[in-house]
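# Structural overview for review
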Amino acid sequence: MSVVPHAKPEPPLARRSTARSPGVPCKAWFPTLLGIGLALLAFGFAFHREIAEITDIWSKSKTYNFGWIVMPTAAFLLWTRRHVITRSLPRASLWGPALAVAASALWLAGDILAIAEVRHFALAAALLCLTLAVCGAGRFRQLLPCLLLVPFIVPTGQFLLLPLRHLAIEIVAGYSALVGLDFTRDGFTFFVDQNRYVIVDDCAGLSYLIVGAMLGVTFGALSVLPLWRVVTFAVLGAVLGVVANAARIVAIVSYDYLSHTQMELAAHHPFEILSWVLLLVLLLALHAHAGRKSEPQVELHESTSAAPSATAARNLAVPLTCALILVSGPLLTSNPGAAGTPAPAAPSFPEVVGRWALDKNAAAPWHPRVRGGLAQSLAVYSDVEGGKVSLFLVRAERREQKFSDYKINFMGSASLDDTWIPARRTSERLCAKNTCYEVVHETYVREKHEDVRRVYWLYRVGRETAGSLFLLRLRRALADLRGETASAEMVALMTQAPNPQSLVLDPEEVVAFLLRL
């Protein structure tokens, strides 16, 4: 018979260090989950207009198609940190309702100025305020690297298109100088050898920049990095997005040069796929490098000294208070009768503008595309020499109707075979009868032709004119605050010629058309 030696008992401290912390009973989460559910229902009802606008842009704009995966990605990142959420019952924070006041004010500012982008950012801020109210400040700080994805639901960044187009041109110019290609440029049009290229908005790389930043946040959060390093990842992702877009453009130019041909626009799709693959590979390499240097995160433990009944009441009341503050703006300023506003009367066009006469029998060579239910009209004018110009008018009668590059596209044409590309946009000051006006002038070129279109336009609110969308929105907001009509219109004049030297209008003629004198 063998004697088994008595095992030495494990120290109590060691047993406690490896024991699993007790979970929170499911019923203790009921007030918190009830508050979240009621708040989300209120959000869906109050912000239905913003949600519909955002998802419509996601569906129709190639630049923002990625928006559909933002919230699922954020949910996945939160799932990877579920231990932070479920280790104990959350204690609601009053910082949520406090910051909700600022988010509500931001929404009101966007509504008054009729800037949908501001209202969309207010919606993203509202979601963050509600999360702060539910989770508490300590947990919110730990979850913030994942929550940085929420602002990416907003279709934004149009102000970056112009500098990104300039940057793309400069990159191609630098590459051409480096390898010895014959390069010349005119605005956003450049020539390499005998091939003509135009850097349009879709070539600017805005989608690459935004998606790169979003993936940078995602990989940074997956690496469990501190907040400042996640933000650094986002910046690096945006830079790598610009690099991937530049590589796509350079590859297209190089292929055309080496093959002594020029591809159709539809043939650029494989290069686009390769550029997205390049961006993903670069970000994965960055993620792998950061994973080796990631530091363990210090978990913050919140005090749970309050009585369970008091905590439950707080966890229900605070989110509901936060939601009430956030939805008060949309609910109080909604105008249910706006949808029933009768359609405006068709605008009248002058019969004669200088040497030009209204030609009611002429076929319109120009068909701009308009979204959003805005009223539109088009007239064609002719002169004795056979020249033709088109005058286009878009009206926004209600305050919630607005103008934007997304809603109004001047590249429409009479035939699907026509492909017009924007080559230059400038803001010009045109004067007539001792009065000057800010006018936007955009030049379009026809693919594989010498044809040129010039489009001049401005905005009007009553008798006042505006040369920019911001000034238009400001004047509409002031008119609305004064109780005056906030209706506005965009007036655009188009000339089309077989070459850049033909059919150039005088400034006084342009102003006369735009003011419909």
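Residues numbered from 1 in each chain as written. Predicted model: local features only at pLDDT ≥ 70, side-chain atom pairs only at ≥ 80, totals over all residues. Heavy atoms only, no water.

### Some remarks on the nonpolar core
In this structure, Phe43, Leu149, Phe152 and Leu326 are the most contacted members of the largest nonpolar core, which totals 60 residues. At eleven residues, helix H10 (residues 206-222) tops the list of elements feeding residues into this core. (Core = buried A, V, L, I, M, F, W, Y, C linked by side-chain atoms within 4.5 Å. Buried < 20%, exposed > 50% of the residue type's maximum accessible area, 1.4 Å probe, protein only. Helix = DSSP H or I, 4+ residues; strand = E, 2+ residues; numbered from the N terminus.)

### Some thoughts on the pairing of strand E10 (residues 420-432)
Strand direction decides the pairing type here: E10 and strand E11 (residues 435-446), joined by twelve bridges, are antiparallel. From the neighbouring strand, tryptophan 420 faces E11, where its bridge partner is arginine 446. Linkage of E10 to E11, two consecutive antiparallel strands, is achieved through a turn of two residues, within which lysine 433 is found at a positive phi near 55°. (Pairing = 2+ DSSP bridges.)

### A look at unusual backbone geometry
Positive phi, close to 60°, is recorded for aspartate 193, a residue that is not glycine. Residue placement: aspartate 193 occurs in the loop between strand E2 (189-192) and strand E3 (195-198). Backbone geometry places histidine 260, a non-glycine residue, at a positive phi of 55°. Owing to a relative accessible area of 70%, histidine 260 belongs among the exposed residues under this scheme.

### What to know about the packing of aromatic side chains
Applying the stated criterion to the full structure yields eight aromatic pairs. Centroid distance tyrosine 255 to phenylalanine 271: 5.9 Å. Interplanar angle 65°. Geometry classified as edge-to-face. You can see tyrosine 255 sitting in helix H11 (residues 227-259) and its partner phenylalanine 271 sitting in helix H12 (residues 269-293), a full 16 residues away along the chain. Since its relative accessible area comes to 43%, tyrosine 255 is described here as partly exposed. Aromatic rings pair up to connect Phe183, Phe190 and Tyr197 into one cluster. Directly above the aromatic system of phenylalanine 188 lies the positively charged group of arginine 165, at a separation of 3.9 Å from the ring centroid. (Phe/Tyr/Trp six-rings, centres within 6.5 Å; stacked < 30°, edge-to-face > 60°. Lys NZ or Arg CZ within 6 Å of the ring centre and 35° of its normal.)

### What to know about the state of the cysteines
According to the stated counting rule, one finds one disulfide in the structure shown. Between the sulfur atoms of cysteine 431 and its disulfide mate cysteine 436 the distance is 1.8 Å. Across the S-S bond of cysteine 431 and cysteine 436 the torsion is about 95°, and the bridge reads as right-handed. This cysteine, cysteine 129, is not joined by any disulfide, and cysteine 322 carries the nearest cysteine sulfur, 5.6 Å off. A relative accessible area of 7% places cysteine 129 in the buried class. (Disulfide = S-S within 2.5 Å.)

### Notes on the sheet that holds E2
Pairing in this open sheet of three strands is antiparallel, and the strands run E1-E2-E3 from one edge to the other. Of all the strands in the sheet, just strand E1 (183-186) and E3 have a single pairing partner and so form its edges. Geometrically, the sheet is characterised by an average inter-axis angle of 20° between neighbouring strands, direction not taken into account. Where E1 and E2 come together, four bridges link them in antiparallel fashion. Counterpart to phenylalanine 183 in the pairing with E2 is valine 192. In this fold helix H9 (residues 161-179) packs onto E1 and E2, with an angle of close to 160° to the strand it touches most, E1. (Axes fitted to C-alpha atoms, helices over the stretch in contact; angles between N-to-C directions. Contact = heavy atoms within 4.5 Å.)

### Let's talk about the pairing of strand E7 (residues 375-382)
As paired strands, strand E5 (residues 356-358) and E7 are joined by two bridges and run antiparallel to one another. Within the sheet, the bridge partner assigned to leucine 358 lies in E7 and is tyrosine 381. Relative to strand E8 (residues 388-396), E7 is paired through eight bridges, and the arrangement is antiparallel. Note on E8: the bridge partner recorded for alanine 379 is leucine 391.

### Topic: a nonpolar patch on the surface
The grouping of Leu108, Ile112, Phe470, Leu474, Leu478 and Leu481 at the surface amounts to a nonpolar patch, some 530 Å² of accessible area in total. Every element with two or more residues in the nonpolar patch is listed here: helix H6 (95-112) and helix H14 (469-481). Looking at the nonpolar patch element by element, the count peaks at four residues for H14. Mapped onto the elements, isoleucine 112 comes out in helix H6. (Patch = residues over 30% accessible without salt bridge, like charges linked within 9 Å, V, L, I, M, F, W, Y side chains within 5 Å. Areas by Shrake-Rupley, 256 points an atom, 1.4 Å probe, with all protein chains shown as cover. Salt bridge = Lys/Arg side-chain N within 4 Å of Asp/Glu carboxyl O.)

Everything listed here is a matter of coordinates, which is why it stays silent on function.
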